[in-house]
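# Survey of secondary and tertiary structure
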Amino acid sequence: MVIDDTGAVLMGGTSSRDIGFPHKLQLEDIDTNPKGLSIVSNRNTIHASHIDFAKTRGTSLGSNTIVQDNDELGQIAFRGADGTDINTLGAVIVGRVDGTPASNDIPGSFEFYTGGYNKRLIINSSGHLVPGTDSAYDIGTNATRFHTIFTDQLNVAGVSTFNNIIRAYGSFVTFQGAQANAFWEASTNALRFVDNAQ
C-alpha cells in the first residue's frame, strides 16, 4: 500500500491513476481473482453495513450548508477501457435532489444512465417511474417481453393499434386517442367509447 504526495491511498499500484478524475482511494491488481470492497457486519440486530454519500454546498470541513434542487447527492459510475484510457462512461447511477430541501427533508430521486451518460430512467421523489426522455423508450421488446403487468388503472396515450390482448381485472383500461377515449369496463365486460369533446 502506498500513500502518495497528494494523500491518495494506492493499493496494488505505486502511482495514482485518474479514472475520469483523481481519486483518493485506488485499488488495482493484475491477478485472476476479482477485486472489490467487502464490508461485513456481525451484530444481533436488524442493521447491517452501509455506504453513505453526502453532499453540502459548503466550502469548509464540517459544513452543513443546505443543498439545492437538482444537486447531485452521489454517483456510481461504470467505466471501461476504450483502447486509449479508462475514462469513458458506460453506465451511471445518480442520486439527485428532486425538490426544495428543508430541515430534515431532502427530496431525492434516482437517475439511471446507459450508453454513456444518457439518462434513461428516473425514480422521482414521489416514487413515480419516469422515462429520461419523453416518447423515446420502450418497456420490453418484440423478442423479450414482460409476462404480467399488475395495475389498478392503465392509461395508454397516443396509440392507434394494438397487436396483442390487454386484459383488465380492475375497473377500466383507458385508450387515449386524438378523437375519443375507449374504456374497457370489467364490470360489464364491454368496451365503451367516449368523445374527447364531451
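Residues numbered from 1 in each chain as written. Predicted model: local features only at pLDDT ≥ 70, side-chain atom pairs only at ≥ 80, totals over all residues. Heavy atoms only, no water.

## Here we look at unusual backbone geometry
At Asn70, a position not held by glycine, the phi torsion is positive, near 80°. Mapped onto the secondary structure, Asn70 falls in the loop between strand S3 (25–27) and strand S4 (72–79). Even without being a glycine, Ser135 presents a positive backbone phi close to 55°. With relative accessibility at 74%, the residue Ser135 sits in the exposed group. (Helix = DSSP H or I, 4+ residues; strand = E, 2+ residues; numbered from the N terminus. Buried < 20%, exposed > 50% of the residue type's maximum accessible area, 1.4 Å probe, protein only.)

## What to know about the confidence of the model for the protein chain
Mean pLDDT over the protein chain stands at 83; residues scoring 70 or higher make up 77%. Across the protein chain, element-level confidence peaks in strand S6 (residues 108–114) with a mean pLDDT of 98 and bottoms out in strand S10 (residues 172–176) with 54. (pLDDT = per-residue confidence, 0-100.)

## Remarks on the sheet that holds S6
Sheet strands pair by backbone hydrogen bonding; their relative direction is either parallel or antiparallel. If you trace the 5 strands from one edge of the open sheet to the other, you get S4-S5-S6-S7-S8, paired in antiparallel fashion. Looking at strand neighbours, the two that pair on one side only are S4 and strand S8 (129–131), the edges of this open sheet. With strand direction ignored, the average angle separating the axes of adjacent strands in the sheet is 20°. Examined bridge by bridge, strand S7 (residues 118–123) and S8 share 3 bridges and lie antiparallel to one another. Across the sheet, Ile123 pairs through a bridge with Leu129, a residue of S8. (Pairing = 2+ DSSP bridges. Axes fitted to C-alpha atoms, helices over the stretch in contact; angles between N-to-C directions.)

## Notes on the packing of aromatic side chains
Counted according to the given criterion, the structure contains 2 aromatic pairs. With a centroid separation of 6.2 Å and an interplanar angle of 40°, the aromatic rings of Phe110 and Phe112 are classed as tilted. Judged by relative accessible area, which is 46%, Phe110 ranks as partly exposed. Ring plane angle 15° and centroid distance 4.2 Å describe the contact between Tyr113 and Tyr117, whose orientation is recorded as stacked. (Phe/Tyr/Trp six-rings, centres within 6.5 Å; stacked < 30°, edge-to-face > 60°.)

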